[in-house]
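Residues per chain are reported as follows:
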2 protein chains.
Amino acid sequence: MQKFSAQIKKSGKTIALVPTMGYLHEGHISLVRIAQKVCDATIVSIFVNPAQFGPSEDLNSYPRDLEKDCALLKKEGVETIFTPTPKELYPAGYQTYVNALHLSEHLCGISRPALFKGVTTVLTKLFNIVSPNKAVFGKKDFQQFVIVCQMIKDLNFNIEIIGAPIVREADGLAMSSRNAYLKKNQRKPALSLYKALKQSEQLVKKGEKRAETIIGAALKLINSFDETLIDYISICNLETFEEVKIIDCPVLMALAVKVGKTRLIDNIILSP
Amino acid sequence: MQKFSAQIKKSGKTIALVPTMGYLHEGHISLVRIAQKVCDATIVSIFVNPAQFGPSEDLNSYPRDLEKDCALLKKEGVETIFTPTPKELYPAGYQTYVNALHLSEHLCGISRPALFKGVTTVLTKLFNIVSPNKAVFGKKDFQQFVIVCQMIKDLNFNIEIIGAPIVREADGLAMSSRNAYLKKNQRKPALSLYKALKQSEQLVKKGEKRAETIIGAALKLINSFDETLIDYISICNLETFEEVKIIDCPVLMALAVKVGKTRLIDNIILSP
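Residues numbered from 1 in each chain as written. Chains lettered and ligands numbered in written order. Predicted model: local features only at pLDDT ≥ 70, side-chain atom pairs only at ≥ 80, totals over all residues.

Student: Now, about the environment of Ile 161 of chain A: what can you tell me, with residues and values included?
Tutor: Residues and elements named next belong to chain A. Here Ile 161 shows up in strand S6 (residues 160-164). Of the residues examined, Ile 161 has 18 C-beta atoms within 10 Å and is grouped as partly exposed. With 27 residues separating them in the primary sequence, Ile 161 and Lys 134 have C-alpha atoms 5.8 Å apart. Sequence-distant contacts of Ile 161, defined by excluding residues within four places in its chain, comprise Ala 135, Phe 137, Val 148, Cys 149 and Ile 152. (Helix = DSSP H or I, 4+ residues; strand = E, 2+ residues; numbered from the N terminus. Buried ≥ 20, exposed ≤ 12 C-beta atoms within 10 Å, placed from the backbone. Contact = placed C-beta atoms within 7 Å.)

Student: Just give me the short version of the pairing of strand S5 (residues 134-138) of chain A, but keep the residues and values in it.
Tutor: Residues and elements named next belong to chain A. For S5, a buried count of 4 out of 5 residues is recorded, marking the element as mostly surrounded by other parts of the structure. Pairing analysis gives 2 bridges linking strand S1 (residues 15-20) to S5, with the strands arranged parallel. By the bridge assignment, Leu 17 is partnered in S5 with Ala 135. As paired elements, S5 and S6 share 5 bridges and run parallel to each other. For Val 136, the partnering residue across the bridge sits in S6 and is Ile 162. After leaving S5, the chain enters helix H7 (residues 142-154) and then returns to the sheet as S6, a path that is right-handed. (Pairing = 2+ DSSP bridges. Right-handed = clockwise from strand over helix to strand, strands pointing away.)

Student: Talk me through the interface of chain A and chain B; I want residue IDs and the actual numbers.
Tutor: With 22 residues of chain A at the interface, the matching set in chain B holds 22 residues. When residues of the side of chain A that touches chain B are traced back to their parent elements, those giving at least two are strand S4 (96-100), helix H6 (115-130) and H7 of chain A. Considering each element in turn, the side of chain A that touches chain B owes the most residues, 5 residues, to S4 of chain A. Classifying every residue of the side of chain A that touches chain B by side-chain character gives 10 nonpolar, 10 polar and 2 charged. Here 5 bridges tie S4 of chain A to strand S4 (residues 96-100) of chain B, and the two strands are oriented antiparallel to one another. (Nonpolar A, V, L, I, M, F, W, Y, C, P; charged D, E, K, R; others polar.)

Student: Could you give an account of the relation of the copies chain A and chain B, naming the residues involved and the relevant values?
Tutor: The transform that puts chain A on chain B rotates by 180° and translates by 0.0 Å along the axis, for an RMSD of 0.0 Å. Here the copies are linked by what is in effect a two-fold axis. For chain A, the minimum C-alpha distance to the rotation axis belongs to Val 98 of chain A and amounts to 2.3 Å. Taken as a fraction of all interface residues of chain A, those also at the interface in chain B reach 100%, which identifies the copy contact as same-surface. (Least-squares fit on C-alpha atoms with pLDDT ≥ 70 in both.)

Student: Tell me about the packing of helix H6 (residues 115-130) of chain B against helix H7 (residues 142-154) of chain B, residues and numbers included.
Tutor: Residues and elements named next belong to chain B. Interhelical geometry of H6 versus H7 gives an angle of 50° and a closest axis separation of 11 Å. Relative to H7, H6 is oriented oblique. The handedness of the crossing between H6 and H7 comes out as right-handed. In contact with Phe 116, Val 119, Thr 120 and Leu 123 of H6, H7 contributes Gln 144, Ile 147, Val 148 and Met 151. Of the residues that constitute the contact of H6 with H7, the class distribution is 6 nonpolar, 2 polar and no charged. (Axes fitted to C-alpha atoms, helices over the stretch in contact; angles between N-to-C directions. Parallel < 35°, antiparallel > 145°, perpendicular 65-115°, else oblique. Left-handed = near helix turned anticlockwise from the far one by under 90°.)

Student: Can you lay out the packing of helix H8 (residues 187-205) of chain B against helix H9 (residues 211-223) of chain B for me, pointing to particular residues and giving the numbers?
Tutor: For any two helices packed against each other, the geometry comes down to the angle between their axes and how far apart the axes lie. Residue and element names in this part refer to chain B. Axis separation between H8 and H9 bottoms out at 9 Å; the angle between their running directions is 150°. Judged on the interaxial angle alone, H9 and H8 are roughly antiparallel. The chirality of how H8 crosses H9 is right-handed. Counted together, Ser 192, Lys 195, Ala 196, Gln 199, Ser 200, Leu 203 and Val 204 of H8 and Ile 214, Ala 217, Ala 218, Leu 221 and Ile 222 of H9 form the full contact between these two elements.

Student: Quick one: what's the story with the domain arrangement of chain A, residue by residue and with numbers?
Tutor: Residue and element names in this part refer to chain A. Domain boundaries in chain A define domain 1 (2-164) and domain 2 (177-270). Spacing between the C-alpha centres of domain 1 and domain 2 amounts to 26 Å. Counting residues at the interface gives 14 residues for domain 1, matched by 14 residues for domain 2. Mapped by element, the contributors of at least two residues to the side of domain 1 that touches domain 2 are helix H5 (108-111) and H7. Class assignment for the residues of the side of domain 1 that touches domain 2 results in 9 nonpolar, 4 polar and 1 charged. (Domains from an automatic or database assignment.)

Student: Please set out the sheet that holds strand S7 (residues 228-236) of chain B residue by residue, giving values where relevant.
Tutor: Sheets are built from strands paired through backbone hydrogen bonds, the pairs being either parallel or antiparallel. Residue and element names in this part refer to chain B. Read across the sheet, 3 strands follow the order S7-S8-S9 without closing on themselves; strand pairing throughout is antiparallel. Since the sheet does not close on itself, it has two edges, and those belong to S7 and strand S9 (262-270), each with one partner. Across this sheet, the average inter-strand angle for adjacent strands is 10°, counted without regard to direction. Sheet topology note: the strand S8 (residues 251-259)/S9 ladder contains 9 bridges and is antiparallel. The residue of S9 that forms the bridge with Leu 252 is Ile 269.

Student: Go over the sheet that holds strand S3 (residues 80-82) of chain B, please, and point to the residues and values.
Tutor: All names here are of chain B. In space, the 5 strands of this open sheet follow the order S3-S2-S1-S5-S6, with parallel pairing throughout. Here the strands that pair on one side only, and so sit at the sheet edges, are S3 and strand S6 (160-164). Pairwise comparison of adjacent strand axes, ignoring direction, gives a mean angle of 25° for this sheet. The sheet contact formed by strand S2 (residues 41-46) and S3 spans 3 bridges and is parallel. Each residue of the ladder has a partner; that of Ile 43, found in S3, is Thr 80. Lying over the sheet, H7 contacts strand S5 (134-138) and S6, oriented at roughly 170° with respect to S6.

Student: Outline unusual backbone geometry, listing residues and values.
Tutor: Residue and element names in this part refer to chain A. In this structure, Tyr 23 is a non-glycine residue whose phi angle is positive, near 50°. Tracing the backbone shows Tyr 23 in the loop between S1 and helix H2 (26-38). Look at Ser 131: it is not a glycine, yet its phi comes out positive at around 50°. Within the secondary structure, Ser 131 sits in the loop between H6 and S5.

Student: Talk me through the nonpolar core; I want residue IDs and the actual numbers.
Tutor: By size, the foremost hydrophobic cluster in this structure holds 143 residues, and its most contacted members are Val 136 of chain A together with Val 136 of chain B. With sequence-adjacent residues up to four places away left out, Val 136 of chain A is seen in contact with Ala 16, Val 18, Leu 31, Ile 34, Ala 35, Ile 162 and Ala 164 of chain A. (Core = buried A, V, L, I, M, F, W, Y, C linked by C-beta atoms within 7 Å.)

Student: How would you sum up the environment of Glu 243 of chain B? Please name residues and give values.
Tutor: Residue and element names in this part refer to chain B. Secondary-structure assignment places Glu 243 in the loop between S7 and S8. In this structure Glu 243 comes out as partly exposed when scored by C-beta crowding, with 13 C-beta atoms within 10 Å. When neighbours within four sequence positions are excluded, Glu 243 is seen to be in contact with Ser 234 and Cys 236.

As C-alpha cells, this is what we get:
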C-alpha cells in the first residue's frame, strides 16, 4: 500500500483517504463522494481496529461484510480499498500508541477509555501508510473529528481533514454500522436520540439558553422509552468539549445512549 | 520546512535527517557525515525538546550555542538547518503524545519517565515536517535508538533508521553535550564509565559469563570515585532491555552515572 501510494503521488496525483471500519452505509458513501471531489485518487481503508475497543466492547461481534463493501465501493468507482489484517497493523511486540490527552477525557472518552487512543494510533499508521493529501471523516463521530484535527495539528501531519455532515435514515436515525444490531422493536427507542436533539433545537429556537433545562427535557424524552440507558447527554464547547451552562454561542449537544446492548451516539450544533 | 522538504523530494532527491539538541560535538558531526553519504540532502534539526525533560531536569541549563553549531555545520557542507522554537512545536493547547510503552520502562526510562515519550513525540513531529528517507542516530543513546526503530516499525513510518557508533574523546569519554558541565576535577570520575565498560569487556573475554560478577566489578570501580552516584548498571537483552543473568549471546551493558550534578550514560555490546 505504501509503495502504491508513493507511485500515485509520484505521478502528480493527490490522494484522499476515507478510513472506515467497513459494513458501509450511505454515511460512508457520502464521505467517498466528497473524497472523489477533492482529490484525484480515493483510497478507502476497511479495518475493524482492535486498539479502539475495550475488553468488554463489541470487537468480535462488530458487523463485517467485506464482499458487500467492495461491491458498494466498486459501484462508486473506488479503485483502491486497503484492508489490512489486525496482525499486519499490530504484530507481536507492538507497543507504540498516540494519545490526544485532554480532548479524549470528555464525552465518549469517559465510558470508552481505549477509544480515542486506538483511533489516533491507527490513524497515525494509516496516514503513514497511505500518505494522503486529505482525509474525510463523518461528523456523527464529532469528538473523533475534533481529536483527529488536533492530532494532525499537534503532530504536524501535512494532511487536510474534511468533516462531513451526518447522514440520516428517512426517519432521522443517524446512519451507523451498529444500527445493524437493532431489533425491530428497538427502532423507536433508537429514534429517541434524534428526537431529543430536534427537541433541543426547538427549545433553543424558542429562546431557551439554559443547558440544564434542555438536557433535562432530553433526559425525559429518552427515558420515556423502556429500553434506553443514557450514557451521557452533554452541551459543551465545540472545540474543548468543556460543559457549557448558558448557550450564548454555537455549542455541541452530544449524546450516547444504549438501546438494549447497542450503544448509539448522535449530535447537533445548537446556535442561539 | 515542510514545503522546502517537499520541494527537495519533488526534485527527486533523497533526504537524511540528523535530529539533534545542538551544542554539537564530534559525535554529531559523525552522524552528519553518515547522512551525507546515504542521501542527497542532509537536514540537521537543532531543538532542545522541552517534552523530554522532567520538571527537575536540566532543560534550562542545557548548553546552547546556535551560532557555533551553524558554523560547524557550514564547515561540513550542511546547507539546511532546522531550528524551530518550543512555541512553534508545542503551541498553546498542545496535547498529542507518542509513547513506546514497554521499551521505555527500562534503563533511562526509570529515572527519567518523561524522556522517551518526549523523544518519540518530537521525532514523530520532525519526521512529519522533514519527511526524510533516512534518519541517523548515535548509539551512545542506545535505548533511544532501539525505541526509535520500534516506533518507526509500529507507526509505519517509511523511514530507514541508521545507528552510528559512539564517538569518544582521546581518553575514552563518550562525547556528549553534557560533558560541558564537567569541572576539571570531574574528568577522572567521568572516565570511570568507560573504564567500567572496558573492564567488563575484558572479563567477558576471559570467560566470565555471570552478569552479577561483571556488574559487581563495575560498581566497585565506579564507586571508587568520590563524586560518582550510580543511577543504573544493566546487562540486558539488546532488543527488549530485559535483564540477563548469563551472557551466552551478545548483550547490552548500559550504565548511567551522575558525576556531581551531571548525568552521564555510556554502553557497550558484550559478546561471549
